[in-house]
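The chain contents come next:
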Amino acid sequence: MAKTVLDKVIVAIRAVQDHKGASRQAIVKYLKSEFQCENGVAIKKALKSDKLIQTGQSFRVKGDAPIAPPADEVVGTEDVTVGDGAVAQKGDEVSMSYVGTLEADGSRFDAGTNFRFTLGAGDVIKGWDRGIIGMRVGGRRKLVVPSKLGYGKKGSAPEIPPNATLLFDVTLERIL
């Protein structure tokens, strides 16, 4: 049985079961509903414990195994050709060639060459930001982008319907 506020915070974090960790709001809400604990000072002190790991605004319990993200938040990747140039990292401006098709029927909705953007800056769909990191210049990769990391429930009419899984064949031409 959880006795200290820190013990209760650990129970709350584990109960949330989110791969990103538990937000301060989620922890406080859980503590209020399950333990009738509303002591803000004690909760704040517990969140500073060395038994917890904070990433951004989320908390995890140190030593707990990571929780795998749900399938709809994971980009499938397959390296067709591993390039021999520099490795693309978050913040790099990259130049790509690509072909995009719909998983549902294989129809092509877009293609381009010398397409430039900054990796990880939100210039493109999340599936690209995640799926291109780690590619080498000259490399070719196939991406399977779930709807949630593509255009989601709204799609992008008229080419991309709502909730569409997207397939991309991408080549990293260069890092600028």
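It should be noted that the structure appears before, not after, this text.
Residues numbered from 1 in each chain as written. Predicted model: local features only at pLDDT ≥ 70, side-chain atom pairs only at ≥ 80, totals over all residues. Heavy atoms only, no water.

## Side note on the side chain of glutamate 73
Item 1. Note on placement: glutamate 73 falls in the loop between strand 3 (58-61) and strand 4 (76-81).
Item 2. A residue is classified by how much of its surface remains accessible, and glutamate 73, at 13% relative accessible area, is buried.
Item 3. Residue contacts for glutamate 73: discarding those within four places in its chain leaves His19, Lys20, Arg130, Lys148 and Leu149. (Helix = DSSP H or I, 4+ residues; strand = E, 2+ residues; numbered from the N terminus. Buried < 20%, exposed > 50% of the residue type's maximum accessible area, 1.4 Å probe, protein only. Contact = heavy atoms within 4.5 Å.)

## Some details on the environment of glutamate 159
Item 1. Within the element layout of this structure, glutamate 159 appears in the loop between strand 7 (140-145) and strand 8 (166-175).
Item 2. The exposure class of glutamate 159 is partly exposed, given its relative accessible area of 43%.
Item 3. Between the alpha carbons of glutamate 159 and phenylalanine 109 there is a distance of 5.6 Å; along the sequence they are 50 residues apart.
Item 4. Contacts of glutamate 159, omitting those with residues within four sequence positions, involve Leu102 and Phe109.

## Focus on the packing of aromatic side chains
Item 1. What the rule picks out here adds up to 8 aromatic pairs.
Item 2. Note on tyrosine 98 and phenylalanine 115: the rings are 5.7 Å apart at their centroids and 65° apart in plane angle, and the pair reads as edge-to-face. Placement of tyrosine 98 in strand 5 (residues 93-102) and of phenylalanine 115 in strand 6 (residues 108-118) is noted, with a sequence separation of 17 residues between them.
Item 3. Ring geometry for phenylalanine 115 and phenylalanine 117: centres 5.7 Å apart, planes at 40°, overall tilted.
Item 4. Three or more aromatic residues joined by ring pairs form one cluster here, namely Tyr98, Phe109, Phe115, Phe117, Trp128 and Phe168. (Phe/Tyr/Trp six-rings, centres within 6.5 Å; stacked < 30°, edge-to-face > 60°.)

## Describing helix 1 (residues 5-16)
Item 1. The first and last C-alpha atoms of helix 1 sit 17 Å apart over 12 residues, in line with the 16 Å expected at 1.5 Å per residue.
Item 2. Looking only at helix 1, the buried set comprises Leu6, Lys8, Val9, Ile10, Ala12 and Ile13.
Item 3. Glutamine 17 occupies a position one or two residues after helix 1 and carries a positive phi of about 50°. (Expected span 1.5 Å × (residues − 1).)

## Brief notes about the packing of helix 1 against helix 3 (residues 40-47)
Item 1. Two elements in contact, helix 1 and helix 3, have axes separated by 9 Å at closest approach and are oriented at 70°. As the angle between them shows, helix 1 and helix 3 are arranged roughly perpendicular. In this structure, helix 1 meets helix 3 at a crossing whose hand is right-handed. Facing helix 1, whose interface residues are Val5, Leu6 and Val9, helix 3 presents Ala42, Ile43, Ala46 and Leu47.
Item 2. In terms of residue class, the contact of helix 1 with helix 3 is made up of 7 nonpolar, no polar and no charged. (Axes fitted to C-alpha atoms, helices over the stretch in contact; angles between N-to-C directions. Parallel < 35°, antiparallel > 145°, perpendicular 65-115°, else oblique. Left-handed = near helix turned anticlockwise from the far one by under 90°. Nonpolar A, V, L, I, M, F, W, Y, C, P; charged D, E, K, R; others polar.)

## Regarding the pairing of strand 8
Item 1. Sheet topology note: the strand 5/strand 8 ladder contains 9 bridges and is antiparallel. Counterpart to leucine 102 in the pairing with strand 8 is leucine 166.
Item 2. In terms of strand pairing, strand 7 meets strand 8 through 6 bridges, oriented antiparallel. Residue pairing for strand 8: valine 145 is matched across the bridge by leucine 166. (Pairing = 2+ DSSP bridges.)

## Some thoughts on the sheet that holds strand 7
Item 1. The strand order 4-7-8-5-6 describes an open sheet built from 5 strands, whose pairing is antiparallel. Here the strands that pair on one side only, and so sit at the sheet edges, are strand 4 and strand 6. When strand polarity is set aside, the average angle formed by the axes of neighbouring strands in this sheet is 20°.
Item 2. Sheet analysis places strand 5 next to strand 6, joined by 8 bridges and oriented antiparallel. Looking at strand 6, one finds that valine 99 is bridged to alanine 111.

## Here we look at unusual backbone geometry
Item 1. The omega angle of the peptide bond from alanine 157 to proline 158 is 0°, so this bond is cis rather than trans.
Item 2. Take proline 158: it is sitting in the loop between strand 7 and strand 8.
Item 3. Here the phi dihedral of glutamine 36 falls at roughly 50°; this positive angle occurs in a residue that is not glycine.
Item 4. On the basis of relative accessible area, glutamine 36 is assigned to the exposed category, the value being 59%.
Item 5. Even without glycine at this site, asparagine 114 takes up a positive phi of about 50°.
Item 6. Mapped onto the fold, asparagine 114 is located in strand 6.

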